[in-house]
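# Summary of structural features
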Amino acid sequence: MLNKFAAIFVSDINMYDPRGKLLASSRPEIFNLGLISTQMNACAFREMYNRELSLYINQEFIGNQDYLSAYVPLQNANNQLIAYINLPYFAKQSDFENEIAGFLSAIINIFVLLLALSIVIAVFVTSKIVDPLKQIQESLSGFKLGNQQQPIAYKGNDEIGVLVQEYNTKLKELQESSEKLAKSEREMAWREMAKQVAHEIKNPLTPMKLRIQHFQRSFDPNADDAEEKIQKFAASLIEQIDTLTNIANAFSNFAKMPKAHFEDTDIVYVLQSAADTFSAEEEAEITVSSDVPSLVIQADKELLLRVFNNLIKNAIQALTPGKKGSIQSQIRTFSDHVQITVQDNGVGIPEEMRDKIFVPNFTTKSTGAGLGLAMVRQIIESHQGEISYESKPGQTIFKIILPRTKTTTHA
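In short, a report on the structure.

Criteria and cut-off values
Numbers given for residues are sequential positions, taken from 1 along each chain in its written order. Residues qualify for local features only when their pLDDT is at least 70, as the model is predicted, and side-chain atom pairs are given and counted only at 80 or more; totals for whole chains, interfaces and linings, by contrast, use all residues. Side-chain metrics rest on all non-hydrogen atoms present in the structure, leaving aside hydrogens and water. Any two rings among Phe, Tyr and Trp, with Trp reduced to its six-membered ring, count as a pair given centres within 6.5 Å; such a pair is stacked if its planes are under 30 degrees apart, edge-to-face if over 60, and tilted if neither. A helix here means a DSSP run of H or I that spans at least four residues, while a strand means a run of E at least two residues long, and both kinds are numbered starting from the N terminus. Relative accessible area decides the class of each residue, using a 1.4 Å probe on protein chains only: under 20% of the type maximum gives buried, over 50% gives exposed, and in between gives partly exposed. Definition used in this section: a nonpolar core is a set of buried Ala, Val, Leu, Ile, Met, Phe, Trp, Tyr and Cys residues joined via side-chain atoms within 4.5 Å. It only takes one pair of heavy atoms within 4.5 Å for two residues to be counted as in contact. For this document, the term salt bridge refers to a Lys or Arg side-chain nitrogen within 4 Å of an Asp or Glu carboxyl oxygen. Two strands qualify as a pair provided that DSSP identifies no fewer than 2 bridges between them. Axis lines are fitted through C-alpha atoms, for helices just across the contact stretch, and the angle between N-to-C directions can take any value from 0 to 180 degrees. By definition, the arc is the one covered by directions from the helix axis to the C-beta atoms.

## A look at the packing of aromatic side chains
Taken as a whole and assessed by the stated rule, the structure comprises three aromatic pairs. Taking 6.3 Å as the distance between ring centres and 80° as the angle between the ring planes, the aromatic pair formed by Phe45 and Tyr84 counts as edge-to-face. Linking Phe45 in helix H3 (residues 42–50) with Tyr84 in strand E5 (residues 81–89), this pair joins segments that are 39 residues apart in sequence. For Tyr84, a relative accessible area of 2% translates into the label buried. The interplanar angle of 35° and the centroid separation of 5.7 Å between the aromatic rings of Tyr389 and Phe398 together place this pair among those described as tilted. Assessed through its relative accessible area of 21%, Tyr389 is described here as partly exposed. An aromatic cluster is present here, built from Phe45, Tyr49 and Tyr84 joined pairwise through their rings.

Have a look at this one:
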């Protein structure tokens, strides 16, 4: 009967008496060869006998092979224990382990596939979210007043789309405000210049009017010095007219600044030429130094000469009267730009004038900045350069930065 059941259920079956001794087995050769003792497993017998369990599964070994072994009690009609039935799972243990390994392998493969799929989806979703934000960041980092900014193209209706739409709206409003501000600043600048021109024109007109009125009242054509008075009167008028002409010319030159004509220009030679022009000034010692004997850049030679002439002239005018002045010009070269400095040991720029040093100021005072520095800045900016200054009592330094595009140095 054990062999019949073993064949039906494809499993070995062993039977032990209530004292744990083997009664029968569907595979007796295992016991005959001494691979397993004919006595029931001590741990299993102890659990089944003492605790009277209805089922006990024990981990057992044959050499290096471990397997599971199940035990159940067998009772007669009077509920008396007559034997213990044992089912060792020799064949099914390895299959079970293989099934578990296959199941774990399938789970791992599924998780790897899901992880890869999640990464792809995350990259795609992140790209969709980050790209508009990156465009906003690039647009903000490159934003400059006066420059035309392109709106961001984004057709989504999500939160990013709302943010991009709001950014484009604010960008349009800001550009409109920038244009209005620039227009207002230009109008204010021209109004200020017109006021200054009118003021400077009135300065010589007032004495001219008074002089003519006085001449009308006091002139006697029959007097002995009549001819002399006419000559003095004419000379005075001519002097005032020359002043008006100078003011008009200065305004015309600034308003009609010629467009820069870029060509190969030796900036060291231009600076030295400007210094030589003023070398006859007895009250100032003018020097020029450079870390290269010659430096050719793309620039307008005439406009740069005007810049250096103006800076050196202003430096001479700023010198302390009666004191030996020193004006030092220097050229230093860098990888992407060239730096020119003009330094003097004059009185310095007054504190109240420093904020307006580059603002057009029509004045006839010999120590005034006039239109010179305004034109200097306009010329430097037309060369894509920068100009700045540092000033304190006893020292003023003007620094010019010009791009070193297509430059050539000569030893």
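From this point on, the discussion continues.
## Some details on unusual backbone geometry
A positive phi angle, close to 60°, is found at Asn79, a residue other than glycine. Tracing the backbone shows Asn79 in the loop between strand E4 (65–75) and E5. Its identity is not glycine, yet Gln384 carries a phi of approximately 60°, on the positive side.

## Some points on the nonpolar core
Ile267, Val307, Phe308, Leu311, Ile340, Ile400 and Leu402 are the most contacted members of the largest nonpolar core, which has 39 residues in total. Elements with a contribution of two residues or more to this core: helix H7 (267–277), strand E7 (284–290), strand E8 (294–299), helix H8 (301–317), strand E9 (325–333), strand E10 (337–344), helix H9 (372–382) and strand E12 (395–403). Looking at this core, the element that brings in the most residues is H8, giving eight residues. Aside from chain neighbours lying at most four places away, what touches Ile400 is Val307, Phe308, Leu311, Val338, Gln339, Ile340, Ile380, Glu386 and Ile387. Tyr16, Ile36, Tyr56 and Tyr71 belong to the second-largest nonpolar core, a separate cluster that totals 12 residues.

## Some points on the pattern of salt bridges
The tally for this structure, following the rule as stated, stands at four salt bridges. With a closest N to O distance of 3.6 Å, Arg27 and Asp12 form a salt bridge. Placement of Arg27 in the loop between strand E2 (22–25) and helix H2 (29–32) and of Asp12 in the loop between helix H1 (2–9) and strand E1 (14–16) is noted, with a sequence separation of 15 residues between them. For Arg27, a relative accessible area of 35% gives the class partly exposed. In this structure, Glu29 engages Arg27 in a salt bridge whose closest nitrogen and oxygen atoms are separated by 3.8 Å. The network of salt bridges with shared partners includes Asp12, Arg27 and Glu29.

## Brief notes about the sheet that holds E1
Spatial strand order, E2-E1-E5-E4-E3: five strands in an open sheet with antiparallel pairing. In this open sheet, the two edge strands, each paired with only one partner strand, are E2 and strand E3 (56–62). Each adjacent strand pair in this sheet contributes to an overall mean axis angle of 30°, direction not counted. Across eight bridges, E4 lies against E5 in antiparallel orientation.

## A few points about H3
Taken as a whole, H3 has its buried residues at Ala44, Glu47 and Met48. Along the long axis of H3, the arc covered by the buried residues comes to 90°, so they all point the same way. Exposed side chains of H3 directed beyond 90 degrees from the buried face belong to Ala42 and Asn50. As for H3, its buried residues are in contact with E3, E4 and E5.

Structural measurements only, silent on function.
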